[in-house]
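Coordinates in review
Letter by letter, the chains look like this.
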Number of protein chains: 2
Amino acid sequence: MAARTAPKQTTPPTLEASADGRSIRILDQTKLPHDVRFTTLRTSDDAARAIVTMQVRGAPLIGVTAAFGLAFALRKDPSDAALSAAFRALLETRPTAVNLRWALEDVRNRVAPLPPAQRAAAALAQARDMIIEDTSANRRLGEHGLALLKKLAARKKSGDALNVMTHCNAGATATLGWGTATAPVYLAHESGLQVHVWVSETRPRNQGGALTAWELASRGVPMTVVTDNAAGHLMQRGLVDAVIVGADRVTARGDAANKIGTYLKALAAREHSVPFFVAFPGSTIDWTIRDGVAEIPIEQRSPDEVTCVAGATESGGRAKVRITPPGVAARNDAFDVTPASFITAFITERGVCRASGAGLRRLYPEMTAKS
Amino acid sequence: MAARTAPKQTTPPTLEASADGRSIRILDQTKLPHDVRFTTLRTSDDAARAIVTMQVRGAPLIGVTAAFGLAFALRKDPSDAALSAAFRALLETRPTAVNLRWALEDVRNRVAPLPPAQRAAAALAQARDMIIEDTSANRRLGEHGLALLKKLAARKKSGDALNVMTHCNAGATATLGWGTATAPVYLAHESGLQVHVWVSETRPRNQGGALTAWELASRGVPMTVVTDNAAGHLMQRGLVDAVIVGADRVTARGDAANKIGTYLKALAAREHSVPFFVAFPGSTIDWTIRDGVAEIPIEQRSPDEVTCVAGATESGGRAKVRITPPGVAARNDAFDVTPASFITAFITERGVCRASGAGLRRLYPEMTAKS
């Protein structure tokens, strides 16, 4: 009997640039996990809309999408005024993730000194570079995180899986490659380390139960979906060996904004001495601010996301159901801030460091002058 | 112009016994908040099924429903064997809430010494007494809790509402009267104290967003529904003045089992010095155990409750949607345990006490010999 190799399942690319540079094709994340649908973005407005509606989401992916949006705007009109207008419109799409601003500034700084006729091509080249760089950063981040997971796994009894909890989706779906929080997990799984993921569903938009569960399942990583409420209980019972989450903005002293609910997991992790890691690329660091609770703007999203839930019906259709009585008030803070003191370590594309200003400056010494 | 009085809205009774004692009519809580439907229970099996399917839920209400179930069983067959069989079947419906066992033992202890011919009537009388006692206990508990809320309100700036967070539904819907955790809030609202409730939706079954929101809205109490994930963030921002939750079982030393997610709120409350109160009647105390984490059985419910959500469609229909990819594993621990050290005080029908064995014994001195 011939040896069989399990088919390598992966998820489709989250973003692909067309050969002519006139459009990008994005995976529409509002349709996942029930439908795999793609949308083509051709203008800056298209890009802004896709970010606002969360067809694309995840701090790194938002940044790259915005960079292409700026390139599309400059193809239409490469003037200073058009550059400024597109920059502003794209920046305003979502307030918390700082990778968006980083990507837009990166493109603007490169193209602004150029003659208008050269700007569109330069912006496009820059946006394309970001795809490569994000994929590569994911990989390096994953390798640094893998080393941490191997250390934790060495403490487990032989045969016991390492239980990693994550929150929201800081996965392949949030980036161009292996994801941030998930990259160490994917590399661990590929390397034969026994790993099991607790996927916290992440209300209100269920990016954990919908997106993280989908991509882990596609790659064959063992996992269990739980409600967000279960995190404290599972840690109290010794069922979690590590928490790894992503970040939307990390301050110069190491406070981290991430999807609402992250902070509760950090509180439980500290109480039960569970290592709590935050994984992100350097573009997530906002060197201009220090106090995350005071200074990071927290996006307020529609109360409808709290009062309604969308999904697949038993008959194969799609539906949205309201779970509250009609007309009740709801509040929807999209992010919360975990102070640096709760974080065991940061995992970045440049290595692992303490969650502190000193730790970050050691990995990003070129930023020292700014912070 | 004549003075107008807003119509007094209230919710329908959760359980009503028929005049002939042959049935009870229960509010079907699986249909709320979208449909107000009643179901008639005539047999012990009916009662057991209503508890298992959570048509009736909430520790005190489960206890009373089970007591009627036992009375129905004895009407059919008052023998010792039938009493034992019905007792066991009803006890096994749900493992965590101890009020169920308390109510069943209360009825059994009363009827077992009687001649079989007198048992059914005695059980029925006992079950009816429980309706009156639970309503009265709610009221007393509410008054003791109101005194606490008044003290907290005195520290607020004039005109600012007192922000009380609750979890799940320990409300009128979980009892025969004002509820446990909600009783102080209802009395505060009636007394003119400005109070606003943060209603945590309470995944997976959304008893907060569905039931607590429904009953608070019916009574005109200002409130806002939030995701469970928001608790840490709101406390970190100083937006919560107190947390009041119910309990399904409290140990002799004061550890409290309550709906999954309660413990995360307790962790956040301690971190931010927010008073964390647990409200329950004496029947919730399990004097036979001390260590809640080690000794309270945690009900495991169907993974479907995690992967699917039911609600009302835009067209006015009802639907259930799956929010995860098909076939993924999910785990559904229904409760968690908050150690006594996290609890600021207990609010009971006999008064307020410290969350400790000594505190409980002071209020329930007759139990000292047992514990």
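Quick caveat: nothing in here was measured; it's all calculated off a predicted structure. (Residues numbered from 1 in each chain as written. Chains lettered and ligands numbered in written order. Predicted model: local features only at pLDDT ≥ 70, side-chain atom pairs only at ≥ 80, totals over all residues. Heavy atoms only, no water.)

With respect to the overall build of chain A
When its secondary structure is counted, chain A shows 12 helices and 16 strands. Considered along the principal axes of its C-alpha atoms, chain A spans approximately 65 × 60 × 55 Å. By residue count, 63% of the 371 residues in chain A fall in the buried class. Sequence separation of 24 or more characterises 74% of the internal contacts of chain A that already satisfy a separation of 6 or more. Within chain A, one finds 45 positive and 35 negative side-chain charges whose respective centroids are separated by 2 Å. (Helix = DSSP H or I, 4+ residues; strand = E, 2+ residues; numbered from the N terminus. Buried < 20%, exposed > 50% of the residue type's maximum accessible area, 1.4 Å probe, protein only. Contact = heavy atoms within 4.5 Å. Lys, Arg positive; Asp, Glu negative; His and termini not counted. Charge placed at Lys NZ, Arg CZ, Asp CG, Glu CD.)

Digging into the sheet that holds strand β15 (residues 345-348) of chain B
All names here are of chain B. In space, the seven strands of this open sheet follow the order β6-β5-β4-β7-β10-β15-β16, with mixed pairing throughout. In this open sheet, the two edge strands, each paired with only one partner strand, are β6 (223-226) and β16 (351-353). The sheet shows a mean angle of 25° between the axes of neighbouring strands, taken without regard to direction. Judged from the three bridges that link them, β15 and β16 form a sheet pairing that is antiparallel. Bridge pairing in β16 places T348 opposite G351. (Pairing = 2+ DSSP bridges. Axes fitted to C-alpha atoms, helices over the stretch in contact; angles between N-to-C directions.)

Notes on the pattern of salt bridges
Overall, the coordinates contain 44 salt bridges over all chains when judged by the stated rule. Of the charged contacts, one joins R253 of chain A and D255 of chain A as a salt bridge, the two residues approaching to 3.0 Å between their closest N and O atoms. Accessibility expressed as a relative area gives 32% for R253 of chain A, which makes it partly exposed. For D291 of chain B, the salt bridge identified is with R253 of chain B, shortest N-O distance 3.6 Å. Residue D291 of chain B is found in the loop between β11 (285-286) and α10 (292-295), and its partner R253 of chain B is found in the loop between β8 (249-251) and β9 (256-259); the two are separated by 38 residues along the sequence. Residues joined by salt bridges that share partners form a network here, namely R94, R205, E299, R301 and E305 of chain A. (Salt bridge = Lys/Arg side-chain N within 4 Å of Asp/Glu carboxyl O.)

Quick word on the relation of the copies chain B and chain A
Its rotation angle being 180°, the transformation that places chain B on chain A also includes 0.0 Å of axial translation and leaves an RMSD of 0.0 Å. Read as a symmetry element, the transformation amounts to a two-fold axis. Interface residue correspondence from chain B to chain A reaches 100%, placing this contact among same-surface, isologous pairings. (Least-squares fit on C-alpha atoms with pLDDT ≥ 70 in both.)

Side note on the interface of chain B and chain A
In this assembly, 63 residues from chain B lie in contact with 63 residues from chain A. In total, chain B and chain A occlude about 4,900 Å² of area from one another, counting both sides; carbon and sulfur atoms represent 60% of this. Summed over the three residues of chain B that lose the most area to chain A, namely N229, L264 and R331 of chain B, the buried surface amounts to 14% of that side. At the junction of chain B with chain A, the criterion picks out four salt bridges. The partner of R203 of chain B in a salt bridge is E201 of chain A, with the nearest N and O atoms 2.6 Å apart. At the boundary of chain B with chain A, the tally comes to 26 residue pairs in polar contact (both at pLDDT 80 or more). (Buried area = accessible area lost by both parts, 1.4 Å probe. Polar contact = N/O pair within 3.5 Å; in protein donor to acceptor, adjacent residues only side chain to side chain.)

With respect to the sheet that holds strand β2 (residues 24-27) of chain B
Residues and elements named next belong to chain B. If you trace the three strands from one edge of the open sheet to the other, you get β1-β2-β3, paired in antiparallel fashion. Strands at the two margins of the open sheet, each flanked by one partner only, are β1 (15-17) and β3 (38-41). In this sheet, neighbouring strand axes are inclined to one another by 20° on average, regardless of whether the strands run parallel or antiparallel. Judged from the four bridges that link them, β2 and β3 form a sheet pairing that is antiparallel. When the sheet's bridge partners are listed, L27 is paired in β3 with F38.

Some details on the confidence of the model for chain A
Mean pLDDT for chain A: 95, with 97% of residues reaching 70 or above. Interface predicted TM-score (ipTM) for the complex: 0.95; the corresponding pTM is 0.96. (pLDDT = per-residue confidence, 0-100.)

Quick notes on the pairing of strand β6 (residues 223-226) of chain A
Residues and elements named next belong to chain A. By the alternation rule, side chains of β6 split into M223 and V225 and T224 and V226, which are all buried. Note that strand β5 (residues 195-200) and β6 share four bridges and pair parallel. Bridge assignment links V199 to a residue of β6, and that residue is V225. On the question of chirality, the crossover connecting β5 to the parallel β6 by way of helix α7 (residues 207-218) is right-handed. (Right-handed = clockwise from strand over helix to strand, strands pointing away.)

With respect to the state of the cysteines
This structure, assessed with the given rule, holds zero disulfides over all chains. For the unlinked cysteine C168 of chain B, the closest cysteine sulfur is that of C308 of chain B, found at 19 Å. As a non-bridged cysteine, C308 of chain B has C308 of chain A as the owner of its nearest cysteine sulfur, 17 Å distant. (Disulfide = S-S within 2.5 Å.)

Section: the side chain of S23 of chain A
Residue and element names in this part refer to chain A. Mapping S23 onto the fold places it in the loop between β1 (15-17) and β2 (24-27). Given a relative accessible area of 14%, S23 falls into the buried group. S23 has contacts with E16, A17, S18, T40, L41, R42 and F72, leaving out every residue within four places of it along the chain.

What about the environment of V195 of chain A?
Examined against the element boundaries, V195 of chain A turns out to sit in strand β5. Residue V195 of chain A is classed as buried on the basis of its relative accessible area, which comes to 3%.

Description of helix α9 (residues 262-271) of chain A
All names here are of chain A. Of all 10 residues in α9, eight are buried, a share of seventy percent or more. Regarding α9, the residues found buried are T262, Y263, L264, K265, A266, L267, A268 and A269. A positive phi of about 55° marks S273, the residue just after α9.

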